[in-house]
Amino acid sequence: MPLNVTYRKLPRPALALLMIIAGVAGRILLAPAPNVEPVLIMSMLAGMLLGGLYALVVPVSIMALSDVYFYFVPYEGMYPAFSILGLAVFVYSGYAFVSLMGGFLMRRRLLWRTRTIAIFTAISVPLTIAYDVWTAFGNWLFISAPLGQTLQQVYAMQVPFTLIHVFSSLLFAPILGTTFLAIH
C-alpha cells in the first residue's frame with residue numbers, strides 16, 4: 001500500500017525571512033574571518049528560489065540589518081559617513097546583481113538534484129569574482145583614493161581577499177544551497 005504523503009512548500013515570505021535571519025547571523029558570527037560570509041550565496045538563493053522583489057529584499061535586508069550592528073558597534077566612527085554610504089552603494093548593488101543573476105541563471109534548474117547544486121556552486125565563482133571587482137572599485141573610489149592609493153594597488157591588495165571569498169562561496173554554496181533547496 002503506497003504511503004500518501006503531502007508536501008507543502010514553505011511560503012515565500014517565510015523562506016525570505018529564514019534567509020535573512022541566516023544571512024545576518026552568518027555575517028555577524030563570521031566577521032572575524034574577512035570575506036568568509038554567506039551573504040553572496042544567500043543573495044543567489046533569493047534570486048533562484050524566490051525571484052521577483054524578494055531577490056532584492058533579501059540581500060538588502062541582510063546587509064542593512066547587519067550593517068546596523070557593524071557600523072554602530074565595532075566600526076563606529078572609523079570611517080566618514082560619506083565614505084560608508086558611497087561604499088554601501090557598491091556593496092548593496094553588487095549583492096543585488098548577484099541575486100538577479102542567481103535567478104536568471106538558475107531559475108529553470110530548480111530540481112532536487114546533485115547537478116543543480118553543482119551548477120549553483122560553479123556559478124558562484126564568477127559571481128564572487130565580479131562582486132569583488134565591483135566592490136574593490138567602490139572601496140578605491142570612496143576609501144582608498146582619498147588616502148592616495150591607486151586602483152591598481154587596491155586590486156592587488158584585493159587578490160588574497162577574493163581568493164578567500166571564492167573559497168567561502170565554494171564552502172557555503174553546497175551547504176546552504178542544499179539546505180534551502182530542501183526547505184523550499
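A brief structural summary.

What counts as what
- Residues numbered from 1 in each chain as written.
- Predicted model: local features only at pLDDT ≥ 70, side-chain atom pairs only at ≥ 80, totals over all residues.
- Heavy atoms only, no water.
- Helix = DSSP H or I, 4+ residues; strand = E, 2+ residues; numbered from the N terminus.
- Buried < 20%, exposed > 50% of the residue type's maximum accessible area, 1.4 Å probe, protein only.
- Areas by Shrake-Rupley, 256 points an atom, 1.4 Å probe, with all protein chains shown as cover.
- Patch = residues over 30% accessible without salt bridge, like charges linked within 9 Å, V, L, I, M, F, W, Y side chains within 5 Å.
- Salt bridge = Lys/Arg side-chain N within 4 Å of Asp/Glu carboxyl O.
- Core = buried A, V, L, I, M, F, W, Y, C linked by side-chain atoms within 4.5 Å.
- Contact = heavy atoms within 4.5 Å.
- Phe/Tyr/Trp six-rings, centres within 6.5 Å; stacked < 30°, edge-to-face > 60°.
- Axes fitted to C-alpha atoms, helices over the stretch in contact; angles between N-to-C directions.
- Parallel < 35°, antiparallel > 145°, perpendicular 65-115°, else oblique.
- Left-handed = near helix turned anticlockwise from the far one by under 90°.
- Expected span 1.5 Å × (residues − 1).

Glancing now at the overall build of the protein chain. Helix and strand counts for the protein chain stand at six helices and zero strands. Starting at the N terminus and ending at the C terminus, the protein chain contains elements arranged as α-α-α-α-α-α. Taking all 184 residues of the protein chain together, 41% fall into the buried category. Looking at the protein chain as shown, the accessible area adds up to about 10,200 Å², and 72% of this sits on carbon and sulfur atoms.

Turning our eyes to something else, we now look at a nonpolar patch on the surface. A contiguous nonpolar surface patch, about 340 Å² in accessible area, is contributed by Leu53, Leu56, Val57 and Leu100. Residue position: leucine 53 is located in the loop between α2 (39-50) and α3 (54-72).

Bringing the nonpolar core into the picture now. Within the largest apolar cluster, 35 residues are counted, with the highest numbers of intra-cluster contacts made by Met19, Ile41 and Leu45. Contributions of two or more residues to this core are made by α1 (12-29), α2, α3, α4 (81-106), α5 (114-144) and α6 (151-183). When residues in this core are grouped by element, the largest group, ten residues, is from α2. Filtering out sequence-adjacent residues up to four positions away, isoleucine 41 remains in contact with Phe120, Ser124, Ser169, Phe172, Ala173 and Leu176.

A few words on unusual backbone geometry. A positive phi angle is found at asparagine 35, which is not glycine, with a value near 65°. Considering the arrangement of structural elements, one finds asparagine 35 in the loop between α1 and α2. In this structure asparagine 35 comes out as partly exposed when scored by relative accessible area, which is 26%.

Turning our eyes to something else, we now look at the packing of aromatic side chains. Applying the stated criterion across every chain, the model contains seven aromatic pairs. Ring geometry for phenylalanine 137 against tryptophan 140: centres 5.7 Å apart, planes inclined by 40°, an arrangement best described as tilted. Within this pair, phenylalanine 137 and its partner tryptophan 140 are both found in helix α5, separated by three residues, close to a single helical turn. Assessed through its relative accessible area of 27%, phenylalanine 137 is described here as partly exposed.

One way to put it is that α2 packs onto α3 with a least axis distance of 8 Å and a crossing angle of 160°. Between α2 and α3, the angle is such that the two are roughly antiparallel. The two elements α2 and α3 meet at a crossing, and its hand is right-handed. Contacts between α2 and α3 pair Val39, Met42, Ser43, Ala46, Gly47 and Leu50 from the former with Tyr54, Ala55, Val58, Pro59, Ile62 and Met63 from the latter.

Taking 1.5 Å as the rise per residue, α2 with twelve residues should run 16 Å; its terminal C-alpha atoms sit 15 Å apart, in good agreement. Within α2, twelve of the twelve residues are buried, which leaves it mostly tucked inside the rest of the structure. Along α2, the residues classified as buried are Val39, Leu40, Ile41, Met42, Ser43, Met44, Leu45, Ala46, Gly47, Met48, Leu49 and Leu50.

Geometric values such as these leave the question of function open.
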